[in-house]
Amino acid sequence: MFSLITIAITGVLLLYLGFLKNRWIYISVAITGLITALAFSVFSWNSVESSFSNMLIVNNYAVAFNSLMIFTTLLIFLLAPHYFKGIEKNVPEIYALLIFSLAGACMVTSFDNLTMLFIGIETMSIPLYILAGSKKFSIRSNEASFKYFIFSSLATAIFLLGITLVYGMVGSFHVGDISNYFTITKEIPSILKVGIVLLVISFGFKIAAVPFHFWAPDVYEGSPTLITAFMATVVKIAGFAAFYKLLSSCFILIPDTWHHLILGLSVLSLIVGNVGAIKQKDVKRMLAYSSISHTGFMLFAVLSFNTFSASSLLYYSFAYALSTIAAFGVLMVVKNHMSADGSIEAFNGLAKKNPILAIVMTISMLSMAGIPVTSGFFAKYYIFVSAIQGELLWMVIVGIIAALVGVAYYLKLIIAMFAKTSETEKIVTSPLYVTSLLVAAILILIAGILPNLIVSLI
């Protein structure tokens, strides 16, 4: 709970510090607040805290995902000073909105009441509507903001209708009461099944699962790249952590209601994500479709529901978040400092003048492709093991085929950097920026060599 309070206070402080007109003060306060929140989160390990009449419960599951999201946000903030170099207006407001969105994400993973889940989702999402359109003079940014607002509003309406139907039948918003209802009720009313399906659909929007993914490529491409990195990591991790908790805590006893629906979402996400990514020439859109493909893999853990599912989902989230931050970090400097359009051709010959950036991007791509010894390899391995334990062998075969297809488009970028030639300029970045990227790349390798450090946590 202290972690959540620290995050909220940091956001408010950033708003009040805007008058100082000193970007180093903003970033220092933000990073100090995030480190403090991370420390509070880690120190609450092995303790269960409940707040607001048990609407919010922080246990090891919540601590693990919250710590990962805070750490991911910290890496994004370490990249921020270089990204906003030369920009003076609205920087503290952007930092504050990112922090407020993180606070909502932490609430989403710790809910024990559907009302709190709704409040957390909205606290996480509303700042992102503004952040997606924070490039006020960019038509693409404005379009991204509007699309994200429209589709998120639709998802919110579906979610509200879903929890209304569940409440109407069960008579409670509390997770424990809903679970008890299914323990003592043998025949489930159809209207309740409709409510559960609506909840699954609303989460489908949030995690960009096919066919509810159509907002993702345009919003990812149009939003400022730093914001896209946050949306692709923290928001997706929060969505999956909440989705898994909702199904495992409330609806695990009636899998027939939602199992086949999620099965379809997973297979479609693997197919559409990979086919869409392989056609892309723009790196940002390729990463957007790649993110949809990873949604398909992460749904394996949601479908399996065994003692290993939560651990495999946490490990996959860790590997995916670090790889995505590293990839977007390199993309930001290539796009901004070379006045490039962000296409794959812009990476031609990058290794010759900028070997560190090329190596970081290579480690990131290899991890996303699931190549040993990166963490991405064990991420897919653990997800497949979880699926086999859940008797989903044919899904594993589909996943292996999808992973092999994914290797093709990740390799395109590596080939462009190392095998193609171009008059690429030497990119000058700050030591803080390079260090942050190297930290992400090194952690990808460490987690790949010592996977038990993460997978044994929960």
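Structure report, in brief.

### Observations regarding helix H12 (residues 283–304)
Moving on, step 1. If you check H12, its first and last C-alpha atoms are 32 Å apart, about what 22 residues at 1.5 Å a residue would give, namely 32 Å.
Moving on, step 2. The element H12 is extensively covered by neighbouring structure, given that 22 of its 22 residues are classed as buried.
Moving on, step 3. Two or three places before Lys-284, at the start of H12, stands the capping residue Asp-282, its side-chain oxygen 2.9 Å from that residue's backbone nitrogen.
Moving on, step 4. Two residues or fewer after H12 comes Phe-305, characterised by a positive phi angle close to 50°.

### Observations concerning the layout of surface pockets
Moving on, step 1. Space inside the largest pocket adds up to approximately 340 Å³.
Moving on, step 2. Surrounding the largest pocket, 13 residues form its lining, Ile-87, Lys-89, Ser-134, Lys-135 and Lys-136 being those nearest its centre.
Moving on, step 3. Of the residues assigned to the lining of the largest pocket, the class counts are seven nonpolar, three polar and three charged.
Moving on, step 4. Of the pockets and cavities examined, the second largest pocket occupies roughly 290 Å³.

### Notes on the environment of Ser-28
Moving on, step 1. With respect to the helices, strands and loops of the structure, Ser-28 is situated in helix H2 (residues 23–43).
Moving on, step 2. Residue Ser-28 is classed as partly exposed on the basis of its relative accessible area of 41%.
Moving on, step 3. Separated by 211 residues in sequence, Ser-28 and Gly-239 place their C-alpha atoms 29 Å apart.

### Looking at the packing of aromatic side chains
Moving on, step 1. For the structure shown, the criterion picks out 32 aromatic pairs.
Moving on, step 2. Summarising the aromatic geometry, the rings of Phe-205 and Phe-212 are spaced 5.1 Å apart at their centres and angled 40° between planes, so their arrangement reads as tilted. No difference in accessibility class separates Phe-205 from Phe-212, as the two residues are buried.
Moving on, step 3. For the pair Tyr-409 and Tyr-410, a centre-to-centre distance of 4.6 Å together with 50° between the ring planes defines the contact as tilted.

### Examining a nonpolar patch on the surface
Moving on, step 1. On the surface, a cluster of nonpolar side chains totalling about 710 Å² of accessible area is made up of Ile-356, Val-373, Leu-438, Ile-442, Ile-446, Ile-449, Leu-450 and Leu-453.
Moving on, step 2. Of the residues forming the nonpolar patch, the biggest block, four residues, is contributed by helix H18 (residues 431–449).
Moving on, step 3. Tracing the sequence through the fold places Leu-453 in helix H19 (residues 452–455).
Moving on, step 4. Residue class for Leu-453 comes out exposed when judged on its relative accessible area of 53%.

### Overview of the environment of Ser-179
Moving on, step 1. Within the secondary structure, Ser-179 is located in helix H7 (residues 175–184).
Moving on, step 2. When the C-alpha atoms of Ser-179 and Ile-207 are compared, they prove to be 24 Å apart, with 28 residues separating the residues in sequence.
Moving on, step 3. Sequence-distant contacts of Ser-179, that is, excluding residues within four places in its chain, are made with Ser-249, Cys-250 and Leu-253.

### Quick word on empty space enclosed by the protein
Moving on, step 1. What the rule picks out here adds up to eight cavities of 30 Å³ or more.
Moving on, step 2. A volume near 80 Å³ is recorded for the largest cavity.
Moving on, step 3. Tyr-148, Phe-151, Ser-152, Ala-155, Phe-205, Lys-206, Trp-215 and Val-235 are the residues that line the largest cavity.
Moving on, step 4. At the level of secondary structure, the elements contributing two or more residues to the lining of the largest cavity comprise helix H6 (139–170) and helix H8 (190–206).
Moving on, step 5. Per element, the largest residue contribution to the lining of the largest cavity is four residues, and it comes from H6.
Moving on, step 6. Its residues assigned to classes, the lining of the largest cavity comprises six nonpolar, one polar and one charged.

### Here's the deal with the side chain of Ser-266
Moving on, step 1. As for its placement among the helices and strands, Ser-266 is situated in helix H11 (residues 259–279).
Moving on, step 2. Residue Ser-266 is classed as buried on the basis of its relative accessible area of 0%.
Moving on, step 3. When neighbours within four sequence positions are excluded, Ser-266 is seen to be in contact with Gly-296, Leu-299, Phe-300, Leu-303 and Met-395.

### Let's talk about the pattern of salt bridges
Two side chains that carry opposite charge are able to pair once their charged atoms sit near each other.
Moving on, step 1. Scanning the entire structure with this criterion turns up six salt bridges.
Moving on, step 2. Two residues, Glu-143 and Lys-147, come together in a salt bridge whose shortest N-O distance is 3.1 Å. Of this pair, Glu-143 and Lys-147 both sit in helix H6, separated by four residues, roughly a single helical turn.
Moving on, step 3. Residue Lys-147 is classed as partly exposed on the basis of its relative accessible area, which comes to 23%.

### Side note on H2
Moving on, step 1. The end-to-end C-alpha distance of H2 is 30 Å, a good match for the 30 Å that 21 residues give at a rise of 1.5 Å each.
Moving on, step 2. Residues of H2 that are buried include every one of Tyr-26, Ile-27, Val-29, Ala-30, Ile-31, Gly-33, Leu-34, Ala-37, Leu-38 and Ser-41, and no others.
Moving on, step 3. Those residues of H2 that are buried are in contact with helix H1 (2–16), helix H3 (60–83) and helix H4 (91–109).

Calculation criteria
- Per-chain numbering applies: the sequence of each chain, read as written, is numbered from 1 onward.
- Side-chain atom pairs in this predicted model are given and counted only at pLDDT of 80 or more, local residue features only at pLDDT of at least 70, and totals for whole chains, interfaces and linings cover all residues.
- Side-chain descriptors were evaluated using all non-hydrogen atoms of the structure, hydrogens and water having been removed beforehand.
- Starting at the N terminus, helices and strands are each numbered in turn, a helix being any DSSP run of H or I of at least four residues and a strand any DSSP run of E of at least two.
- By definition here, a helix of n residues has an expected span of 1.5 Å times n minus one.
- Partly exposed describes any residue whose relative accessible area lies between the buried limit of under 20% and the exposed limit of over 50%, with all areas from a 1.4 Å probe on protein chains only and scaled to the type maximum.
- Whenever a nitrogen or oxygen atom comes within 3.5 Å of another N or O atom, the pair is scored as a polar contact, on the condition that within protein one atom can donate a hydrogen and the other can accept it, and that pairs from neighbouring residues in sequence are kept only if both atoms are in side chains.
- Here a cavity denotes grid points, spaced 1 Å and computed from the protein atoms alone, that fit a 1.4 Å probe unable to get out, and a pocket denotes an open set having protein on both sides within 12 Å along at least 5 of 7 lines; residues with an atom within 4 Å of a point are the lining.
- Grid points are joined across faces, edges and corners, and a volume is the space filled by probe spheres set on the points.
- In this classification, Asp, Glu, Lys and Arg are treated as charged, Ala, Val, Leu, Ile, Met, Phe, Trp, Tyr, Cys and Pro as nonpolar, and every other residue, Gly included, as polar.
- Working definition: rings of Phe, Tyr and Trp (its six-membered ring) pair if their centres are within 6.5 Å, and the pair is stacked with planes under 30 degrees apart, edge-to-face with planes over 60 apart, and tilted otherwise.
- Only residues above 30% relative accessible area that lack a salt bridge enter a patch, with like-charged residues linked at up to 9 Å and the nonpolar side chains Val, Leu, Ile, Met, Phe, Trp and Tyr linked at up to 5 Å.
- All accessible areas in this document rest on Shrake-Rupley with a 1.4 Å probe, and a residue is counted as covered only by the protein chains that are shown.
- Any carboxyl oxygen of Asp or Glu within 4 Å of a side-chain nitrogen of Lys or Arg constitutes a salt bridge here.
- In this description, contact between two residues means that some pair of their heavy atoms is separated by no more than 4.5 Å.

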